[in-house]
Amino acid sequence: MTAYALARLYPTTAPNEDVLDYIEGIQGTLDPFGGRFLIHGAPRRETIEGEWPGDVVMISFPDYAAARAWYASEPYQALIPLRARHMPGDIILIDGVPDGYEPAATAAKLRAASR
């Protein structure tokens, strides 16, 4: 099942050499784990509910084990300080839904569990 690394980052400065080095180096850390960017800080079109400060990054991986191994890898751990000094954030690893996912079936299970 596909898994994702999802980050909401809060840039504190304009992109500098550290951040640019991080951006230049990150793909090389993703490749061994099958990671690929789905969203990479693209300009927000619209916030339609609530507030959404910061930038969004979403990376897909073949599965949760690959996402976890990427984050824990030496090459990525070495890059983290380059970003974190200038763009702190909230980062999660999360499973996607399986093929054929049916939200109505999830609602039925939740209803049954609440009875």
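Residues numbered from 1 in each chain as written. Predicted model: local features only at pLDDT ≥ 70, side-chain atom pairs only at ≥ 80, totals over all residues. Heavy atoms only, no water.

Colleague: Explain the sheet that holds strand S3 (residues 55-61) residue by residue, including any values.
Modeller: Ordered by their spatial adjacency, four strands build an open sheet running S2-S3-S1-S4, and the pairing between neighbours is antiparallel. This sheet does not close on itself; its edge strands, each paired only once, are strand S2 (36-40) and strand S4 (89-95). Ignoring strand direction, the axes of neighbouring strands in this sheet form an average angle of 15°. Examined bridge by bridge, S2 and S3 share four bridges and lie antiparallel to one another. Pairing of Ile39 across the sheet is with Met58, part of S3. (Pairing = 2+ DSSP bridges. Helix = DSSP H or I, 4+ residues; strand = E, 2+ residues; numbered from the N terminus. Axes fitted to C-alpha atoms, helices over the stretch in contact; angles between N-to-C directions.)

Colleague: Let's hear about the packing of helix H2 (residues 64-72) against helix H3 (residues 74-84): which residues, and what values?
Modeller: Where H2 contacts H3, the axes come no closer than 5 Å and their chain directions differ by 55°. Put simply, H2 runs oblique to H3. Along the contact surface, H2 presents Trp70, Tyr71 and Ala72, while H3 presents Glu74, Tyr76, Gln77 and Ile80. (Parallel < 35°, antiparallel > 145°, perpendicular 65-115°, else oblique. Contact = heavy atoms within 4.5 Å.)

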